[in-house]
Amino acid sequence: MRLLLIGAPGAGKGTQAVRVAEHFGLTHISSGDLLRRHIAEETSIGRSVGAAMHRGDLVTDGIVMDVLRKPVEAASRNGGYVLDGFPRTVEQAEVAYLVARDIGASVQVAVFLDVPRPELVHRLLERGRAANRTDDTEDVITRRLRVFEEHTLPLLDYYRQREQLLKIDGARSVDEVTAALVAELEAVRHLLDG
Ligand code: AMP
């Protein structure tokens with residue numbers, strides 16, 4: 001199964017992606033984690049994306065595609081993937097579709113984790129305190145939410161038109177969201193495999 005999760009910063013994408021991957025035996029691929037690893041390892045990619053990530057802006061499409069290509073291809077050959085954090089724009093979705101289609105790696109279901117804005121801000125401030133993430137301060141949070149609304153929300157229409165969108169109420173407990181997500185995916189699973 002090949003899935004992606006769309007959600008604002010703080011919607012619980014990362015947590016749910018890990019749980020869904022585990023349940024269905026898929027590989028969890030987080031574009032943010034891969035980029036943060038490049039920064040930690042001080043690679044040339046890390047040096048070129050550091051400033052944009054620190055501000056809460058998106059990094060360029062070319063770099064994200066470069067970082068994701070191999071892991072996505074490998075996961076597609078090995079049971080499938082849960083993509084977390086990609087695509088962030090309709091342009092990324094379009095390019096990714098063209099690249100992935102020929103090797104049978106394109107996305108089958110796009111899950112939208114729906115969480116109201118005040119709840120997102122509350123969660124992000126908590127996470128910033130707990131995890132010491134430099135992009136979870138109040139200014140950067142506001143910026144990241146605006147980037148999400150402007151650039152990423154249009155993806156919902158893109159996947160809705162393709163009849164691939166699954167919307168999940170994400171404003172519940174972590175366990176409740178996982179249960180809903182797993183149940184919905186179990187229900188469509190037989191349409192996807194084989
Ligand atoms: P995340 O961990 O998914 O919240 O991503 C953290 C940061 O990594 C984002 O604020 C962006 O700067 C960058 N990033 C992650 N995924 C993408 C993407 N698909 N396109 C552009 N930038 C991204």
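Scroll up to find the structure this text is about.
The written sequence of each chain sets the order in which its residues are numbered from 1. Given that the model is predicted, a residue must reach a pLDDT of at least 70 before its local features are reported, and side-chain atom pairs must reach 80 or more before they are shown or counted; all residues, however, enter totals for whole chains, interfaces and linings. In computing side-chain properties, one takes all heavy atoms of the structure into account and sets aside hydrogens as well as water.

Draft legend 1. Here's a closer look at the site of the ligand. As a structural note, the neighbourhood of the ligand is formed by 16 residues, with S31, R36, D57, Q92 and R144 the closest of them. Note that an oxygen atom of the ligand is positioned 2.9 Å from one of the side-chain N or O atoms of R36. Looking at which element gives the most residues to the shell around the ligand, the answer is helix 2 (residues 31-40), with 4 residues. Here the shell around the ligand is built from residues that sort into 6 nonpolar, 4 polar and 6 charged. We call a residue near a molecule or strand when any one of its heavy atoms sits within 4 Å of it. Pairs of N or O atoms within 3.5 Å make up the polar contacts considered here, provided that, within protein, one atom can donate a hydrogen while the other can accept it, and that residues adjacent in sequence are counted only when both atoms are side-chain atoms. Numbered from the N terminus, helices here are DSSP runs of H or I no shorter than four residues, and strands are runs of E no shorter than two. Asp, Glu, Lys and Arg are counted as charged, while Ala, Val, Leu, Ile, Met, Phe, Trp, Tyr, Cys and Pro are counted as nonpolar; the rest, among them Gly, fall into the polar class.

Draft legend 2. Spotlight on the pairing of strand 4 (residues 109-114). Exposure classes here rest on a 1.4 Å probe applied to the protein chains alone. A residue is buried below 20% of its type maximum, exposed above 50%, and partly exposed in between. Where burial is concerned, most of strand 4 is hidden: 5 out of the 6 residues are buried. Strands are treated as partners if at least two bridges between them are detected by DSSP. As paired strands, strand 1 (residues 2-6) and strand 4 are joined by 4 bridges and run parallel to one another. Residue pairing in the sheet places L3 in a bridge with V109 of strand 4. Of the strand pairs in this sheet, strand 4 and strand 5 (residues 165-169) are connected by 5 bridges, and their pairing is parallel. The partner of V111 across the bridge, within strand 5, is L166.

Draft legend 3. Structural view of helix 5 (residues 90-101). An ideal rise of 1.5 Å per residue puts 16 Å on 12 residues; helix 5 measures up with 16 Å between its terminal C-alpha atoms. By the burial criterion, the buried members of helix 5 are V90, Q92, A93, A96 and A100. For helix 5, the angular spread of buried residues about the axis comes to 150°, placing them on one side. If you follow the buried residues of helix 5, they end up packed against helix 4 (61-77), helix 7 (138-152) and helix 8 (154-161). Expected span of a helix: the number of residues minus one, times 1.5 Å. Here the arc refers to the directions that run from the helix axis out to each C-beta atom. Note on contacts: a residue pair qualifies if any of its non-hydrogen atoms lie within 4.5 Å across the two residues.

Draft legend 4. Just helix 3 (residues 44-55), in detail. Along helix 3, the residues that are buried comprise G46, V49, A52 and M53. The buried residues of helix 3 occupy an angular sector of 135° when projected down its axis, which confines them to one face. Turned more than 90 degrees away from the buried face of helix 3, the exposed residues are S44 and R47. As for helix 3, its buried residues are in contact with helix 2 and helix 4. Positive phi appears at G56, one or two residues downstream of helix 3, with a value of about 90°.

Read these as spatial facts, not as claims about activity.
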